[in-house]
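# Reading the structure
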Number of protein chains: 8
Amino acid sequence: MDKNTLLEILKGVEGGAISPDEAASKLSTLSYENLEFANVDHHRALRTGFPEVIYCEGKSPHQITAIANSLWTKSPTALIATRANKDAFDAVRNVCPNAVYHQASRLVTVGETPAFTEETVAVVTAGTADIAVAEEAAITLTMLGVPVERVYDVGVAGLHRLIGNLDKIAKCSVVIVVAGMEGALASVVGGLVSAPVIAVPTSIGYGASFGGLAALLSMLNSCASGVGVCNIDNGFGAAWLAYRILKK
Amino acid sequence: MDKNTLLEILKGVEGGAISPDEAASKLSTLSYENLEFANVDHHRALRTGFPEVIYCEGKSPHQITAIANSLWTKSPTALIATRANKDAFDAVRNVCPNAVYHQASRLVTVGETPAFTEETVAVVTAGTADIAVAEEAAITLTMLGVPVERVYDVGVAGLHRLIGNLDKIAKCSVVIVVAGMEGALASVVGGLVSAPVIAVPTSIGYGASFGGLAALLSMLNSCASGVGVCNIDNGFGAAWLAYRILKK
Amino acid sequence: MDKNTLLEILKGVEGGAISPDEAASKLSTLSYENLEFANVDHHRALRTGFPEVIYCEGKSPHQITAIANSLWTKSPTALIATRANKDAFDAVRNVCPNAVYHQASRLVTVGETPAFTEETVAVVTAGTADIAVAEEAAITLTMLGVPVERVYDVGVAGLHRLIGNLDKIAKCSVVIVVAGMEGALASVVGGLVSAPVIAVPTSIGYGASFGGLAALLSMLNSCASGVGVCNIDNGFGAAWLAYRILKK
Amino acid sequence: MDKNTLLEILKGVEGGAISPDEAASKLSTLSYENLEFANVDHHRALRTGFPEVIYCEGKSPHQITAIANSLWTKSPTALIATRANKDAFDAVRNVCPNAVYHQASRLVTVGETPAFTEETVAVVTAGTADIAVAEEAAITLTMLGVPVERVYDVGVAGLHRLIGNLDKIAKCSVVIVVAGMEGALASVVGGLVSAPVIAVPTSIGYGASFGGLAALLSMLNSCASGVGVCNIDNGFGAAWLAYRILKK
Amino acid sequence: MDKNTLLEILKGVEGGAISPDEAASKLSTLSYENLEFANVDHHRALRTGFPEVIYCEGKSPHQITAIANSLWTKSPTALIATRANKDAFDAVRNVCPNAVYHQASRLVTVGETPAFTEETVAVVTAGTADIAVAEEAAITLTMLGVPVERVYDVGVAGLHRLIGNLDKIAKCSVVIVVAGMEGALASVVGGLVSAPVIAVPTSIGYGASFGGLAALLSMLNSCASGVGVCNIDNGFGAAWLAYRILKK
Amino acid sequence: MDKNTLLEILKGVEGGAISPDEAASKLSTLSYENLEFANVDHHRALRTGFPEVIYCEGKSPHQITAIANSLWTKSPTALIATRANKDAFDAVRNVCPNAVYHQASRLVTVGETPAFTEETVAVVTAGTADIAVAEEAAITLTMLGVPVERVYDVGVAGLHRLIGNLDKIAKCSVVIVVAGMEGALASVVGGLVSAPVIAVPTSIGYGASFGGLAALLSMLNSCASGVGVCNIDNGFGAAWLAYRILKK
Amino acid sequence: MDKNTLLEILKGVEGGAISPDEAASKLSTLSYENLEFANVDHHRALRTGFPEVIYCEGKSPHQITAIANSLWTKSPTALIATRANKDAFDAVRNVCPNAVYHQASRLVTVGETPAFTEETVAVVTAGTADIAVAEEAAITLTMLGVPVERVYDVGVAGLHRLIGNLDKIAKCSVVIVVAGMEGALASVVGGLVSAPVIAVPTSIGYGASFGGLAALLSMLNSCASGVGVCNIDNGFGAAWLAYRILKK
Amino acid sequence: MDKNTLLEILKGVEGGAISPDEAASKLSTLSYENLEFANVDHHRALRTGFPEVIYCEGKSPHQITAIANSLWTKSPTALIATRANKDAFDAVRNVCPNAVYHQASRLVTVGETPAFTEETVAVVTAGTADIAVAEEAAITLTMLGVPVERVYDVGVAGLHRLIGNLDKIAKCSVVIVVAGMEGALASVVGGLVSAPVIAVPTSIGYGASFGGLAALLSMLNSCASGVGVCNIDNGFGAAWLAYRILKK
């Protein structure tokens, strides 16, 4: 909770407009809605510039509908649900009939956010199989109002493909690199551009990728300095970090 | 086997009421029933205050029915079966028609236990997706006669939700924290309350949670002293530890 | 920060005794002392009943002396420093000439705390080599004012040694089991007593103990319900959990 | 290949009965049958006293039929197929109409072997869920001509169940302990009997059993000396080791 | 290699000023100096705004002197050497007598870089033991011309310490969180500020931190979106990522 | 990109036949075709002697058809698709009606390549269950124009089977060893032949093979010097390494 | 505790020779001696045929002397101490001046045990570097009264060395295979002999042996059935298992 | 043992020149020398073209001298000892006064082998810190009679350094890539050259390299097909594989 809000409430107390008990309660309850199974964080739009996002895994359709309803009532412009299957999509559609389902990336989106910046984020993949994760990042960025440059299938096994697209990548303010297998693309891109690089390992690969562990360790050990790593297959998190960087 | 029982039997031998051979046999066989595939532990109610609980995973419906029958015959007041699917539920219902199935938490319960204490256990989750595990703990506690305070979806990404509920949590004698992903809630709660904290990592999370390993290691390394950790997704074990603490 | 303090300060603001700005500052700074490299938590004694404990690993002697000084000035009755080597001991002695060094358990203690309870904590080890960790727990408990019953070297390879001591263990309100190798003692004790069991894996063992991992996993998977597990070799944490249980 | 056979062939060469080229070829090809996809080892019955066993995993029904045919033709008294599903059973039945399918343990057996010894092997499980693996061991032993004593569900959480059955176990020449979760039973049995103990970890358990890893490490680190460990869920291997011990 | 340089050289070839062979050679050799055991990258200052940094681990003093000489000759304003022991410091001093050794963080620095921005990077630690890694980040940032705000020892076990410093942190454009043990601080800070958060796990902790693995996994699984993770103990890499963010 | 091509283009620029801008573009775009979701690498046939191979995992049928079309248009003699299911096969057949599906090894192949060498590669398996991976290697080799000698089911549990086939293996120029379980065959073969040995661990095995990890580590630690290891179940990669060795 | 002893004491109680209280106490205390830090297990000689063995790791010289004294007083014929350094040796010599120190295997032995059997145990190593562990097994066997046949440095990289020694190995009743690196020797020997095979992985090897993990997994996954695995570097445990086999 | 030798001996038997017993003995003992603690493999020079190499780790100086003596007596032209410390060097010098010690790579070499081929092996490193391992490979190759091209410190963080040296690398028949950290160099080189690539991960790197695991997994998952991986830091093994490739 930021200090300004705290001071404001305290000043209300000083001026007598707010009783101490009310103030204490306010501090706790103003900013989220209790649905028993969820405390929907309405304060997040203030803190981050975008409403809370629904992570669908492990939630029942009934719960998703209720959360979507709570969010859409307060912030009826844009909504994102991640890791959504078809049932989760239907659960959101109960509230927002215009919801769109992006099957490969398992996102549900509603509404639009106009771009708040002209800076662009490059979303780069090593292979075609990494695109599902990359799209989770790219669509999220668009929803957050960030322009995106997609550069797909430029893995290091055919370096000329990367170099042929370097121009496009080098113009961007932030570069998200999505790669499975050995994840070497993050290091190579990190050595070629000066923008911050966000690396997303994917679970694509033969046996010893161990579900993305190989790419994860590879990216954490990148010989190119200045690479920040996200969780395996977490395109959403990478997009949010890029958004933080452009919003700061 | 506790010493008192041992002494009693020995005194019976001394007094001639029990022959040595009988005594030896008694020591071995009195306290459980042999069903070939299971040795149902009827002594457990004496040792722990509650009958043996049926762990359904890897047991056939036929075996579950037989064990339930053996338990219910000796202790016809309350029965718990964990990790139960629909078939296991039906297997218990063969014996106890009033059995209730808690689908999300995969528990079958029969009967009730009146509360033996006024002390309350808080069951706290980081997210909505952790509720299935939390309910395994909460329902088990109720079955064991322990009052429960549920506080769900107060993860550290929106700290004000936790602080708004701190009051409720701080009144409890034991706090069970159920969290997936990075499991940070256990440390934060551990730093805010003085009651014993029981941490249950869940398998909820993106790739590098490695089935709950991330939250497990996180909780074991809690910077807040005095946190006891249970197995991944083991809400039942956490409830039992809380019960031991209140029963001691 | 507990609600009572919050309300008190807010009431001060309401009554005009405290200005909002002062209040905000008070909330932040009252309760700890900033030494640049450390924020000594003077609020902890209120929260937990015992002052902050100095974890010496990674701290310079100079830092330890300064922290000890800050703590001893505010709470001149008892002080604990953990993971202390000889230099750390000397660093504490600069401030507290009566400090005592417990070499095997690497603790430095100053002063005494009278027992606040008659309930006793059993500290049980599987082997002689586990005693260093057990003593970290036992001495910490004594410092916290908790009576201790030591039962050492009763591992399951010679079960009669455990059964011969069961009496002593069963009388205690909490049982701390310290074991390396396969850590089976935690499960066996957990099956024999009804008190809460706190399990501490140790790093004692041949190659495939992998620094205590074997005992750790073993204890987390205990077939006896109601065992809470602490970090490898963390006798201090186990003591603190026992203290929380007895203090609740 | 044993030296006697080598010497015999060499003497044949010396005496002129066998040409060097024939000898070299004989050494290579006499003892197995080449089915393109399999080299059925007919020499194994000589080496080990029992024909090669068919490990069905990864083999097509056609391949299983062909191997069964090759084995049954040479050794038409007894046959074992492990890790068999229903299709594998049918594939064996094409050759041996009397084949029996043991569903829980996934074994197919044909024929019988009269007991070659009066020594008995105890097969002991911690829980009911471990019985499938235990039966793989017990049925294999019977097929190999070894008497079996089954003692199931005597895990250490209720130690009196184990002690009540100790008599039966202690009479056996070899003890196979099958346990999941923390696998403590192996250590406890190892401390109570003087016979060789063969420990089989199972994949039964909550999350942090990591597919049997917890029990495996536990058994490898047993504080009771003289425990030999087999692969996770490998009841067959344990039976074979017991057989080697009794056959030596 | 960026496109502009490529085009320039190609235009030189077109205009006849450069022969094709020269061009090809130029492309390869202009930008680094071959010392046999090292190819010092003089192009890096152009690409990144700062000369190559010497990673001392595994390099002999002789090699370090030669590399430092090569770098200082071309860019005689500022130089950084990381993971330096005393010998490495002496090796740099052979070339740059004004070199400074930062023992705790194992950095050698020479010269100064004036701040290129008024934006500030917060470097926050959970404990005092994490300061060595934090200083690697803070000193590197200063060398790169970035203002730093240090906030040390504000781990979540005493949340009021963090909240009391939130003001200072929230004013910064980028936040680097350095934490060992369970690394929860990254998630909590990530939920409280809107700036990009760079998380650095440290190897500080008891046994089951497994050399920083616990904090690493924790940070990768942060429930607060938008956290980029660096390698264990890699304060330098975190600083460089912050620098990329501010330089973009 | 090889130097010759670079020089040629540069000479074109020098002679005025190519403008610098054209040259830069040429360098980037000549050698692959952009399908949005894939950059098909037409340069690979020049670099490696065989067109790009389609890795089907994670690609939609539509994508596979488009890539197959792009490849077959440029190189209408031979095509390989790996990790193909039935849908992927149909997707290739849309373009190449003569495509053949190898179900066990999950390969789709089109066309033929005449053998370019008389040297032979031995493909050796430990068991029958390893054949699927071995066939991925063997069929790939045939497609690449390399003669193959298959030697299947000669694992070390029946060493005479291996020795009986040693002749055939020892005549080959390269030996690929495919083995699951403990992977010992790679070491034994490595000690018996002087040709280079390529080891492919498979995921065949009981629980503690951990998906091929046991065989992988075993092969990496081979006591026979000169064994190169490929990824788990990666028969294709082994074939390609053999091809590189024979093509060099 | 075996049943006979139990019955005897109970009969004493029945006959009045022993009071119940005495009996209970007897059961607990008769069989071990409490040294505060150790409960020396004097019952072990009865149970296993050999006195308790001192595991020196983590024990102080003072403790070792006391335990040695307690053991030697009761069983003054033979004594073994494992994992002993020079100080531990001196600690034993205080009690037994004739103690012998076996430096490579870190054993201290006192006295002799005449062979109780003519059956022999083969101790086989893959390399010279595995001999330290092998000697721990071989010397322990000798102390236990078991004849030993040493066959060292016959790893599979030079299979003829193994085959040249097969004769000697095949004559033995039990075979202990000690191997590091990939541990393939266990499987190869297991396929060549019919005796029970005890496999001991060692920590000898390059990086990816991960302290013996590679050999451990290899041995657990042996394709030769009937191999029992011991802990890494645990020659002592292997010897004890062999002893159990021969004693049964 | 190769078939030719077998046939020869068999023919000797046929002709009466050799008795069967002699033959059997010859087969076993001719080809190695038994030093009790080592079976020196004199047959290896025939099988591989170079005498056995002494792996010094875990061998005493006395053992090394004896093995060196045995080898040098039979093959007095060239000798290699790996993983040698100063004592091992002295142990070899007892036998071969001309021995040379290569400290960084821990090799001892004696004598020379003239080049048997004009084909060259490139030894390429990512960084300067990888050179110790690279030199183990390069010096071993020279000893085996293979010309070497060293290309050091061309990691992907500065891709122009690699491209500037590509010419030299592309001319070689085999490429050994030695890299720590994320090991991306192997994939990039694998995509740029058509020769077989042998990848050697090194243990160089920050915390999450986990002793070379990151580079190892990275190389095993290389997106460039046809990369064979060796053990961590095993330059010797890589050299031997290259030698096998050139010798085939």
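Now for a quick tour of the structure. Because the structure is a prediction, the values reported are computed rather than measured. (Residues numbered from 1 in each chain as written. Chains lettered and ligands numbered in written order. Predicted model: local features only at pLDDT ≥ 70, side-chain atom pairs only at ≥ 80, totals over all residues. Heavy atoms only, no water.)

## Section: the overall build of chain A
Our working rule: Think of it this way: any DSSP run of H or I at least four residues long counts as a helix, any run of E at least two long counts as a strand, and we number them from the N terminus. Exposure categories follow from relative accessible area, calculated using a 1.4 Å probe and restricted to protein chains: below 20% of the type maximum is buried, above 50% is exposed, and the middle band is partly exposed. We get accessible surface area from the Shrake-Rupley algorithm with a probe of 1.4 Å; when it comes to residues, only the shown protein chains can shield them. For the purpose of charge, His is not counted, nor are the chain termini; Lys and Arg are scored as positive and Asp and Glu as negative. Note that the charge is assigned to NZ on lysines, CZ on arginines, CG on aspartates and CD on glutamates.
Along chain A, the regular secondary structure elements total eleven helices and eleven strands. Oriented by its inertia axes, the alpha-carbon framework of chain A measures out at about 70 × 40 × 35 Å. Counting all 248 residues of chain A, 67% fall into the buried class. When the accessible area of chain A is evaluated, it comes to approximately 8,000 Å², of which 50% is carbon and sulfur surface. Side-chain charges of chain A comprise 18 positive and 23 negative groups, with the mean position of each set lying 2 Å from the other.

## Description of the relation of the copies chain A and chain E
Keep this limit in mind: For this overlay, a least-squares fit was computed on C-alpha atoms, restricted to residues scoring pLDDT of at least 70 in both copies. By definition, residues are in contact when any of their heavy atoms lie within 4.5 Å.
Rotating chain A by 180 degrees about the axis while translating it 0.0 Å along that axis superimposes it on chain E, leaving an RMSD of 0.1 Å. What the rotation and shift describe, once combined, is the action of a two-fold rotation axis. When you check the interface residues of chain A against chain E, 100% turn up at the interface there too, and the contact is symmetric in its surfaces.

## Focus on the interface of chain A and chain E
Using the following cut-off: Summed over both partners, the accessible area (1.4 Å probe) lost when two parts come together is defined as the buried area. For this document, the term salt bridge refers to a Lys or Arg side-chain nitrogen within 4 Å of an Asp or Glu carboxyl oxygen. Under the rule applied, a polar contact is a pair of N or O atoms within 3.5 Å (in protein, one hydrogen donor and one hydrogen acceptor; residues adjacent in sequence only if both atoms are side-chain atoms).
Taken together, the contact between chain A and chain E spans 34 residues of the former and 34 residues of the latter. Both sides of the chain A and chain E interface together cover about 2,800 Å² of buried area, and 52% of this is carbon and sulfur. It is A:Leu220, A:Arg244 and A:Lys248 in chain A that bury the most area against chain E; as a group they hold 26% of the surface buried on that side. For the pair chain A and chain E, the number of links is two salt bridges. Taken together, the connections running from chain A to chain E amount to 15 residue pairs in polar contact (both at pLDDT 80 or more). Taken together, the elements giving at least two residues each to the side of chain A that touches chain E come down to α8 (166-170), α9 (184-192), α10 (213-220), β11 (227-229) and α11 (235-247) of chain A. At seven residues, α11(A) tops the list of elements feeding residues into the side of chain A that touches chain E.

## Side note on the interface of chain F and chain D
Between chain F and chain D, the residue contacts involve 21 residues of the former and 29 residues of the latter. Contact between chain F and chain D buries roughly 1,800 Å² in total, counting both sides, with carbon and sulfur atoms accounting for 55%. If you sort the residues of chain F by the area they bury against chain D, F:Thr128, F:His160 and F:Tyr206 come out on top, with a joint share of 40%. At the junction of chain F and chain D, the tally comes to zero salt bridges.

## Overview of the sheet that holds strand β4 (residues 78-82) of chain F
Residues and elements named next belong to chain F. Stated formally: Think of it this way: DSSP has to see at least two bridges between two strands before they count as a pair.
A sheet is described by the order of its strands in space; here four strands give the open sequence β3-β4-β6-β5, paired in mixed fashion. Each edge of the open sheet carries a strand with a single partner, namely β3 (54-55) and β5 (100-102). Alignment of β3 against β4, held across two bridges, turns out to be parallel. From the neighbouring strand, Ile-54 faces β4, where its bridge partner is Ala-81.

## Quick look at the side chain of B:Lys59
Inspection of the secondary structure assignment puts B:Lys59 in the loop between β3 (54-55) and α4 (61-74). One buried charged residue, B:Lys59, forms no salt bridge at all, with the nearest opposite charge on D:Asp153 at 6.4 Å.

## Describing the pairing of strand β10 (residues 197-201) of chain B
Residue and element names in this part refer to chain B. Inclusion rule: Consider the strands pointing away from the viewer: the crossover is right-handed when the path from the first strand over the helix to the second runs clockwise.
Counting buried positions along β10 yields five of five residues, so the element is predominantly enclosed. Taken together, the five bridges between strand β9 (residues 174-179) and β10 define a ladder with parallel strand orientation. Each residue of the ladder has a partner; that of Ala-179, found in β10, is Pro-201. In this region the chain leaves β9, passes through helix α9 (residues 184-192) and returns to the parallel neighbour β10; the handedness of that crossover is right-handed. Bridge count for β10 against strand β11 (residues 227-229) is three bridges, and the pairing is parallel. Pairing of Ala-199 across the sheet is with Val-229, part of β11. With helix α10 (residues 213-220) bridging β10 and its parallel neighbour β11, the resulting β-α-β unit is right-handed.

## Description of the relation of the copies chain F and chain D
The operation relating chain F to chain D is a screw motion whose rotation component is 90 degrees, with 0.0 Å of axial translation and a residual RMSD of 0.1 Å. Such a turn and shift between the copies fits a four-fold axis. Distance from the rotation axis, computed per C-alpha, reaches its smallest value in chain F at F:Phe210: 7.1 Å. A different interface surface on each copy is seen, since only 5% of the contact residues of chain F are contact residues in chain D too.

## As for helix α5 (residues 86-93) of chain G
All names here are of chain G. Condition: Arc, as used here, means the arc of the directions from the helix axis to the C-beta atoms.
Of all the residues in α5, the buried ones are Ala-88, Phe-89, Ala-91 and Val-92. Buried residues of α5 fall within an arc of 160 degrees about the axis and therefore sit on the same side. Structurally, α5 contributes buried residues whose contacts are with α4 (61-74), β4 (78-82), β5 (100-102) and β6 (107-111).

## As for the arrangement of the chains
One thing to see here is that chain D and chain E don't touch, and their nearest C-alpha atoms sit 14 Å from each other. No interface is formed between chain B and chain H, the nearest pair of C-alpha atoms being 14 Å apart.

## Structural notes on the environment of A:Thr65
Residues and elements named next belong to chain A. With respect to the helices and strands, the residue Thr-65 is situated in helix α4 (residues 61-74). In this structure, the C-alpha to C-alpha distance between Thr-65 and Arg-93, residues 28 residues apart in sequence, is 8.1 Å. What Thr-65 contacts, discounting residues up to four positions off in sequence, is Ala-91, Asn-94 and Val-95. Within the local environment of Thr-65, its side chain forms a polar contact with the backbone oxygen of Ala-91, the two atoms lying 2.9 Å apart.

## What to know about the packing of aromatic side chains
For clarity, the threshold we go by: Only Phe, Tyr and Trp rings take part, Trp by its six-membered ring, and two of them pair if their centres are within 6.5 Å. Stacked means planes under 30 degrees apart, edge-to-face means over 60, and tilted covers everything else. Two thresholds decide whether a charge sits over a ring: the Lys NZ or Arg CZ must be within 6 Å of the ring centre and within 35 degrees of the ring normal.
Counted according to the given criterion, the structure contains 48 aromatic pairs over all chains. Between D:Phe116 and D:Tyr243 the ring centres are 5.8 Å apart and the planes differ by 85 degrees, which places this aromatic pair in the edge-to-face class. With D:Phe116 in the loop between β6 (107-111) and β7 (121-125) and D:Tyr243 in helix α11 (residues 235-247), this residue pair connects regions lying 127 residues apart in the sequence. Linked through ring pairs, A:Phe50, A:Phe116, A:Phe236, A:Trp240 and A:Tyr243 together constitute an aromatic cluster. A cation sits over an aromatic face here: B:Lys247 above B:Phe116, 5.0 Å from the ring centre.

## Focus: the sheet that holds strand β5 (residues 100-102) of chain C
Residue and element names in this part refer to chain C. Going by this rule: Here, axes are lines fitted to C-alpha atoms. For helices the fit covers the stretch in contact, and angles between N-to-C directions go from 0 to 180 degrees.
Pairing within the open sheet is mixed, and its four strands lie in the order β3-β4-β6-β5. Among the strands making up the open sheet, the edge pair consists of β3 (54-55) and β5. Relative to strand β6 (residues 107-111), helix α6 (residues 131-143) is tilted by about 15 degrees, and along the sheet it contacts β4 (78-82), β5 and β6.

## Section: the pairing of strand β8 (residues 148-151) of chain G
All names here are of chain G. Here four bridges tie strand β7 (residues 121-125) to β8, and the two strands are oriented parallel to one another. Following the sheet pairing, Val-123 is matched in β8 by Arg-150. Handedness of the crossover joining β7 and β8 through helix α6 (residues 131-143): right-handed.

## Section: unusual backbone geometry
Even without a glycine there, the phi angle at C:Asp153 is positive, about 65 degrees. Inspection of the secondary structure puts C:Asp153 in the loop between β8 (148-151) and α7 (159-164).

## Describing the packing of helix α6 (residues 131-143) of chain E against helix α11 (residues 235-247) of chain E
Residues and elements named next belong to chain E. Our working definition: Crossings are sorted by hand: turned counterclockwise from the far helix by less than a right angle, the near helix makes the crossing left-handed, and turned clockwise it makes it right-handed.
Contact geometry of α6 with α11 gives a least axis separation of 7 Å together with a crossing angle of 35 degrees. Crossing angle aside, the handedness with which α6 passes α11 is right-handed. On α11, the residues that touch Val-133, Glu-136, Ala-137, Thr-140 and Leu-141 of α6 are Gly-235, Phe-236, Ala-239, Ala-242 and Tyr-243.

## Details of the pattern of salt bridges
In this structure the tally under the stated criterion is 56 salt bridges over all chains. Salt-bridge contacts for B:Arg150 lead to B:Glu135; the nearest nitrogen and oxygen are separated by 2.6 Å. One end of the pair, B:Arg150, is in strand β8 (residues 148-151); the other, B:Glu135, is in helix α6 (residues 131-143), and 15 residues separate them in sequence. Owing to a relative accessible area of 18%, B:Glu135 belongs among the buried residues under this scheme. Through salt bridges with shared partners, one network takes in A:Lys86, A:Asp90 and A:Arg93.

## Some remarks on the side chain of E:Thr82
Tracing the sequence through the fold places E:Thr82 in strand β4 (residues 78-82). Owing to a relative accessible area of 2%, E:Thr82 belongs among the buried residues under this scheme. Not counting chain neighbours up to four residues away, the residues in contact with E:Thr82 comprise E:Val53, E:Ile54, E:Tyr55, E:Cys56, E:Arg106, E:Leu107, E:Glu136, E:Phe236 and H:Tyr206.

## Notes on α6(G)
Residues and elements named next belong to chain G. For the record, the criterion: To estimate how far a helix should extend, the number of its residues minus one is multiplied by 1.5 Å.
Across its 13 residues, α6 extends 18 Å between first and last C-alpha, which sits within 8% of the 18 Å expected from 1.5 Å per residue. Where burial is concerned, most of α6 is hidden: eleven out of the 13 residues are buried. Among the residues of α6, those classed as buried are Ile-131, Val-133, Ala-134, Glu-135, Glu-136, Ala-137, Ala-138, Ile-139, Thr-140, Leu-141 and Met-143. Where α6 terminates, the next one or two residues include Gly-145, which has phi positive at roughly 90 degrees.

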